Amino acid sequence: MRTTASRTCRIVVAAALLAGLFAHVPSALATPSTPEIEATRAEAEAARARLQDLADQAELAREELLEAAERLESTRAEVAVTRQRLEAARRARASAEDALADRVAGIYRTGG
């Protein structure tokens, strides 16, 4: 049992020492910052922002296109119904003209 406890203690101490050693490593490994690097980072950020704006605009345009396509389909359906009604009205008019012509002919033949 004592061996396990001392081994655990040594591991904890070693971990603490390593943590202390590596605490300063990030600043030593950090990428140096120069005006040129900062300018490039700013350009990259501006490009990302522009790309996001373009993506947003594309999404809006896609939604508008889908809405327009739905309206077009609805309009086409209305046109089809209107054409059917128009054809029915033309047939009814032709039938009414035929009936009127028959009546006029009958009145003419009978003399009034």
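In this text, all values refer to a predicted model and were calculated from it rather than measured experimentally.

Turning our attention to the overall build of the chain. Summing up its helical and strand segments, the chain has 3 helices and 0 strands in all. Secondary structure elements in the chain, listed N-terminal to C-terminal, are α-α-α. For the chain, the residues scored as buried account for 0% of the 112 residues in total. Summing over all exposed atoms, the chain offers an accessible surface of approximately 10,200 Å²; the carbon and sulfur share of this is 62%.

On to a negative patch on the surface, then. Together, E63, E64, E67 and E70 give the surface a local cluster of negative charge. One can find E64 in helix α3 (residues 35-110).

On average, residues of the chain score 85 in pLDDT, and 72% of them reach the 70 mark or higher. Mean pLDDT values over the elements of the chain span from 53, in helix α2 (residues 25-29), up to 96, in α3.

Our focus in this paragraph is α3. Each full turn of the α-helix corresponds to 3.6 residues, which orients residues three or four apart in the same direction. If you check α3, its first and last C-alpha atoms are 110 Å apart, about what 76 residues at 1.5 Å a residue would give, namely 112 Å. A positive phi of about 80 degrees marks G111, the residue just after α3.

A separate point is the pattern of salt bridges. Where charged atoms from two side chains of opposite charge approach closely, those side chains can pair. For the structure shown, the criterion picks out 5 salt bridges. Residue R48 pairs with E45 through a salt bridge whose shortest N-O separation is 3.1 Å. Of this pair, R48 and E45 both sit in helix α3, 3 residues apart, roughly one helical turn. A residue is classified by how much of its surface remains accessible, and R48, at 52% relative accessible area, is exposed. By relative accessible area, which is 45% here, E45 ends up partly exposed.

The rules behind each value
Residues numbered from 1 in each chain as written. Predicted model: local features only at pLDDT ≥ 70, side-chain atom pairs only at ≥ 80, totals over all residues. Heavy atoms only, no water. Helix = DSSP H or I, 4+ residues; strand = E, 2+ residues; numbered from the N terminus. Buried < 20%, exposed > 50% of the residue type's maximum accessible area, 1.4 Å probe, protein only. Areas by Shrake-Rupley, 256 points an atom, 1.4 Å probe, with all protein chains shown as cover. Patch = residues over 30% accessible without salt bridge, like charges linked within 9 Å, V, L, I, M, F, W, Y side chains within 5 Å. Salt bridge = Lys/Arg side-chain N within 4 Å of Asp/Glu carboxyl O. Lys, Arg positive; Asp, Glu negative; His and termini not counted. Charge placed at Lys NZ, Arg CZ, Asp CG, Glu CD. pLDDT = per-residue confidence, 0-100. Expected span 1.5 Å × (residues − 1).

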